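# Understanding the architecture of this molecule
Residues per chain, in single letters:
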Amino acid sequence: MNSNIQILPVQNSRIDTVDFNNLPFGTLFSDHMFTCDYKDGKWQNPTIKAYGPIELNPSAKIFHYGQSIFEGMKAYKDADLNTLLFRPLDNCKRLNKSAERMVIPQIPEELFMDGLKKLLEIDNAWIPTNEGSSLYIRPFVFASGNGFHASPATEYKFIIATAPSGAYFAGKVKVLIEEKYARAANGGVGFAKAGGNYAAQFYPTQLAIEKGYNQVIWTDDTSHEYIEEAGAMNIFVRINDTLVTSPTSDRILDGITRKSIIQIAKDNDIDVEVRKITVKEVVESAKNGTLKEMFGAGTAAVISPISSFGFKEQDFDLPELNNSYASQLKKRITDIQTNKTEDPYGWRVQL
Ligand SMILES: *Cc1c(COP(=O)(O)O)cnc(C)c1O
C-alpha cells in the first residue's frame with residue numbers, strides 16, 4: 001500500500017441498524033467512504049472517513065457544467081467469506097476513459113485500487129453474504145473547483161462510496177423503442193459514464209413510463225433505425241438461436257457485463273454476432289416468431305430480461321422460455337463472480 005491513506009474510523013458503526021435479509025438497492029450506505037482531492041496539479045489527501053455530506057461552494061463547476069463521471073461495480077463474499085471483485089481494473093480504465101473525455105484528471109490505477117481495497121477492508125462487515133446480494137460500489141469524480149467560467153475546473157474530488165444491496169430485481173421489463181429522443185450522438189459522450197448522460201435519459205424515460213412502459217430502448221440519433229442500448233444497460237437480442245448485440249461506439253457504452261457475456265456465450269457454443277441490429281428485423285422477427293429473447297446487461301441487474309416491447313403504438317410479447325439464454329448466462333457469470341465455479345478467464349479478484 002503506497003497511497004498513504006489517512007484512516008478516520010467512525011466511532012459508532014451503523015451496521016446494527018441494517019436488516020441484511022431485506023436490503024434495498026443502492027439507498028443504504030456503509031459506514032465509510034474514500035475521498036481524495038485533486039489540487040495544485042496532483043491527487044492528495046487520500047482519506048477514509050465517515051460516509052456523510054461534503055461541503056462545496058455554490059460556484060463549484062459540477063453544479064454548472066456537469067463535469068462528473070462515475071463507475072458501478074460490486075464486491076461479493078464467497079462461501080468461505082473471501083472478498084471478491086469482478087474485473088476491477090476494467091472499471092478503473094473506463095473511469096479514466098470517461099475522465100479524458102470530460103477533461104477530468106486521470107486517476108492513477110494504484111490510487112483507485114488502494115482506496116477501494118482499504119475501504120472494503122474497513123467496511124468488510126458491510127459486504128452481504130446472502131445469495132443475490134452484494135456490496136454495490138460507486139467510484140465517482142467531479143469538479144469541486146469554483147468559478148462561473150465555462151471551463152474545466154482546477155480542483156476535483158474522487159470519492160468511493162458503497163451500498164450493501166439486495167438483488168436488483170426489475171421484474172418483467174416492458175420497454176419502448178424510442179423514435180424521437182436519443183441518449184447519445186456521434187462525437188458525443190455516450191461511451192463515457194458521464195453524469196449528464198443519465199440526466200438526459202430521464203425525460204424520454206418518464207414519457208415512456210407514462211405510457212405504461214418501464215424503460216426505453218435507445219436507437220441511433222440520426223435514423224432511429226438501429227437498436228443500441230436498453231436504459232442504462234447494453235442490449236442483447238436472440239433471434240432463433242443466435243445472440244446479437246450492437247458493437248460499441250461513440251454512442252454505446254463498453255459494458256463489462258456485455259463483454260463478459262459475449263465471451264461466456266461463445267465458450268458455451270452459443271452463436272454470437274456483434275453487429276448493428278435494426279428495429280425492422282426485431283419487429284419482423286417478433287412477428288414471425290423467431291425473436292426468442294431480449295435482455296439488458298449491466299453490473300446492477302447483471303441480466304434483465306425483457307418481456308415485451310412497444311413500437312409505433314403496437315406491443316409485441318416475447319415468449320416465456322425454459323432454460324433461456326438470459327438465465328443460463330446470468331447463472332454462469334454470477335457463479336464466476338461469487339466463486340461457485342472455476343474462473344478460466346482470470347476475471348475474479350480476491351482481496
Ligand atoms: C454502466 C452502463 C452499462 C453497463 O456497463 P457494465 O460495465 O456492464 O456495468 C451499459 N450502458 C450504459 C449506458 C451504462 O451506463
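Just above, that's the structure.
Summarised in this report is the structure supplied together with it.

## Some words on the pairing of strand β12 (residues 233–239)
- Counted residue by residue, β12 has seven buried out of seven residues, so it is predominantly covered.
- Here strand β11 (residues 226–230) pairs with β12 via two bridges, running antiparallel. Of the residues in β12, the one forming a bridge with Glu-229 is Asn-234.
- Hairpin geometry of β11 and β12 is characterised by an intervening segment of two residues between the two adjacent antiparallel strands and by a positive phi of about 60° at Gly-231.

## Considerations on the packing of aromatic side chains
- Under the definition given, this model contains 15 aromatic pairs.
- Their ring planes at 75° and their centres at 6.2 Å tell us that Trp-43 and Phe-158 sit as a pair that is edge-to-face. Taken as a pair, Trp-43 in strand β3 (residues 42–50) and Phe-158 in strand β8 (residues 156–165) lie far apart in primary sequence, 115 residues in all.
- Here Trp-43 falls in the buried class, since its relative accessible area comes to 15%.
- On the basis of relative accessible area, Phe-158 is assigned to the buried category, the value being 0%.
- Joined through ring pairs, the aromatic side chains of Phe-34, Tyr-38, Trp-43, Phe-112, Tyr-156 and Phe-158 make up one cluster.

## Observations concerning the pattern of salt bridges
- All chains considered together, the criterion is met by 17 salt bridges.
- With a shortest N-O distance of 3.9 Å, Arg-251 and Asp-221 are connected by a salt bridge. In this pair, Arg-251 sits in the loop between β13 (242–245) and α5 (256–267) while Asp-221 sits in the loop between β10 (215–219) and β11, placing the two residues 30 residues apart along the sequence.
- For Asp-221, a relative accessible area of 24% corresponds to the partly exposed category.

## Some points on the nonpolar core
- Among the nonpolar cores identified, the biggest contains 38 residues, and Phe-34, Trp-43, Phe-112, Leu-116, Val-141 and Phe-158 are the most heavily contacted of them.
- Taken together, the elements giving at least two residues each to this core come down to β2 (32–39), β3, β5 (73–77), α2 (88–101), α3 (109–122), β7 (134–143) and β8.
- It is α3 that contributes the most residues to this core, six residues altogether.
- When residues of this core are assigned to domains, at least three map to each of domain 1 (2–165) and domain 2 (173–337).
- The residues contacting Phe-158, other than those within four sequence positions of it, are Phe-34, Thr-35, Cys-36, Trp-43, Leu-95, Ile-107, Leu-111, Phe-112, Pro-139, Phe-140 and Val-141.
- Of all hydrophobic cores here, the second largest spans 22 residues; its members include Phe-86, Val-302, Ile-303 and Tyr-325.

Criteria and cut-off values
- Residues numbered from 1 in each chain as written.
- Predicted model: local features only at pLDDT ≥ 70, side-chain atom pairs only at ≥ 80, totals over all residues.
- Heavy atoms only, no water.
- Buried < 20%, exposed > 50% of the residue type's maximum accessible area, 1.4 Å probe, protein only.
- Helix = DSSP H or I, 4+ residues; strand = E, 2+ residues; numbered from the N terminus.
- Pairing = 2+ DSSP bridges.
- Phe/Tyr/Trp six-rings, centres within 6.5 Å; stacked < 30°, edge-to-face > 60°.
- Salt bridge = Lys/Arg side-chain N within 4 Å of Asp/Glu carboxyl O.
- Core = buried A, V, L, I, M, F, W, Y, C linked by side-chain atoms within 4.5 Å.
- Domains from an automatic or database assignment.
- Contact = heavy atoms within 4.5 Å.

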